[in-house]
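Fold and contact review
Below, each chain spelled out in residue letters.
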Amino acid sequence: MTDTGGANIVQLFLAAGWTAKAVLLILALFSFGSWAVIVGKLWSFSRADAHSGRFVAHFRKSRKFADVLGVCEQYPSSPLVGLFRAGYAELDAQVKAGRDVAPADSGRLFVKSLPAIERALERAAGVESNRLTRRLPFLATTASATPFIGLFGTVWGILGAFRQIGVTGSTSIVTVAPGIAEALVNTAAGLVAAVPALIAYNYFNGRVKVTRSEMRDFALEFLNLAERHFT
């Protein structure tokens, strides 16, 4: 027994009018683009989670911030690395400035403003959040736009079916079937493009919220250590 489903779909596409073909091609482009984003984001989030876990473990067992800075290059996909670098840069600048006013024999390093370090961490968190959400709007656009694009193709196919009725004067299924089939294919194609994009968009938004929570926790941990050792 042979499967003619794929052949029937190809035949429907070839038999469709130019408007239906244009609609299907647009939907195919949206679907291909959304799947490319989905696969890329799955890979990047997985890599980011793995790097963040190892980076945090190294951060918590290190005795100096400088030791942590030396391993940042090993975990480039972790958003926590961006936070650490921003916080460390501000802390280091304040420590260097504080050496000019601190007593020479104090043996301590001081920071002048913890709120400045906190602001540096917040700016870095914003940058990392933007990086995490890059290309996600395309999934939202695909999920919201493709059903309506498919609906346009559906309406156009039904209009074609009515035109055939008007031309032939017959309401038999043989007359209206091509137009109805064309309409249903467009409807199905719109849903095929929209549903995975919608599910992926909601899933990745959840992942972004979790990562943002992890960045907030890391920023607080960084500030606690800075306050403990440099004030």
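Residues numbered from 1 in each chain as written. Predicted model: local features only at pLDDT ≥ 70, side-chain atom pairs only at ≥ 80, totals over all residues. Heavy atoms only, no water.

This paragraph deals with the overall build of the protein chain. Check the secondary structure of the protein chain and you find 7 helices and 0 strands. When the elements of the protein chain are put in sequence order from the N terminus, they spell out α-α-α-α-α-α-α. For the protein chain, with 231 residues in total, the buried portion stands at 37%. As presented, the protein chain carries roughly 13,600 Å² of accessible surface, and 64% of it is formed by carbon and sulfur atoms. (Helix = DSSP H or I, 4+ residues; strand = E, 2+ residues; numbered from the N terminus. Buried < 20%, exposed > 50% of the residue type's maximum accessible area, 1.4 Å probe, protein only. Areas by Shrake-Rupley, 256 points an atom, 1.4 Å probe, with all protein chains shown as cover.)

This part covers the layout of surface pockets. Quantified by volume, the largest pocket comes out at close to 370 Å³. Considering the residues around the largest pocket, the lining is formed by 18 residues, among which Arg63, Lys64, Phe65, Ala66 and Phe230 are closest to the centre. The set of elements that each furnish at least two residues to the lining of the largest pocket consists of helix 2 (18-61), helix 3 (65-69), helix 4 (79-98) and helix 7 (173-230). Each residue belonging to the lining of the largest pocket can be placed in one class, and the counts come to 10 nonpolar, 2 polar and 6 charged. (1 Å grid on protein atoms, 1.4 Å probe; cavity = no way out; pocket = protein on both sides within 12 Å on 5 of 7 lines; lining within 4 Å. Points joined across faces, edges and corners; volume = space filled by probe spheres on them. Nonpolar A, V, L, I, M, F, W, Y, C, P; charged D, E, K, R; others polar.)

Glancing now at unusual backbone geometry. In this model, Arg135 sits at a positive phi of 75 degrees, which is unusual for a non-glycine residue. In this fold, Arg135 is placed in the loop between helix 5 (114-133) and helix 6 (136-168). With relative accessibility at 54%, the residue Arg135 sits in the exposed group.

On to the packing of aromatic side chains, then. This model, assessed by the stated rule, comprises 14 aromatic pairs. On the numbers, 4.8 Å between centres and 25 degrees between planes, the contact of Phe65 with Phe222 is stacked. Here Phe65 is found in helix 3, whereas its partner Phe222 is found in helix 7, with 157 residues between them in sequence. (Phe/Tyr/Trp six-rings, centres within 6.5 Å; stacked < 30°, edge-to-face > 60°.)

Next up on the list: helix 5. Compared with an ideal rise of 1.5 Å per residue, which puts 20 residues at 28 Å, helix 5 spans 29 Å between its outermost C-alpha atoms and is within 8% of the ideal. When we look at burial in helix 5, the residues that qualify are Ala116, Ile117, Ala120, Leu121, Ala124, Ala125, Glu128, Ser129 and Leu132. You can read the cap of helix 5 off the contacts: a side-chain oxygen lies 3.1 Å from the backbone nitrogen of Ala116, and it is on Ser113. Where helix 5 terminates, the next one or two residues include Arg135, which has phi positive at roughly 75 degrees. (Expected span 1.5 Å × (residues − 1). Polar contact = N/O pair within 3.5 Å; in protein donor to acceptor, adjacent residues only side chain to side chain.)

Before going further, it helps to examine the nonpolar core. Ranked by internal contacts, the top residues of the largest apolar core, which has 39 residues, are Phe55, Phe65, Phe84 and Leu91. Elements with a contribution of two residues or more to this core: helix 2, helix 3, helix 4, helix 5, helix 6 and helix 7. Of the residues forming this core, the biggest block, 12 residues, is contributed by helix 7. The contacts of Phe84, once residues within four sequence positions are left out, are Phe55, Phe59, Phe65, Val68, Leu69, Cys72, Phe218 and Phe222. (Core = buried A, V, L, I, M, F, W, Y, C linked by side-chain atoms within 4.5 Å. Contact = heavy atoms within 4.5 Å.)

In this section: the pattern of salt bridges. Summed over all chains, the structure comprises 5 salt bridges. Two residues, Arg207 and Asp49, come together in a salt bridge whose shortest N-O distance is 2.4 Å. Of the two residues, Arg207 sits in helix 7 while Asp49 sits in helix 2, which places them 158 residues apart along the sequence. Between Glu73 and Arg85 there is a salt bridge, with the nearest N and O atoms lying 3.0 Å from each other. (Salt bridge = Lys/Arg side-chain N within 4 Å of Asp/Glu carboxyl O.)

Glancing now at the side chain of Thr146. In this fold, Thr146 is placed in helix 6. Judged by its relative accessible area of 0%, Thr146 falls in the buried class. Reaching out from Thr146, the side chain makes a polar contact with the backbone nitrogen of Ala194 at a distance of 3.5 Å. Among residues more than four places away in sequence, those in contact with Thr146 are Leu27, Phe30, Thr141, Gly190, Ala193 and Ala194.

Attention now moves to the confidence of the model for the protein chain. Averaged over the protein chain, the pLDDT score is 84; the fraction of residues at 70 or greater is 79%. Looking over the protein chain, one finds the lowest element-wise mean pLDDT in helix 1 (residues 5-15), namely 57, and the highest in helix 5, namely 94. (pLDDT = per-residue confidence, 0-100.)

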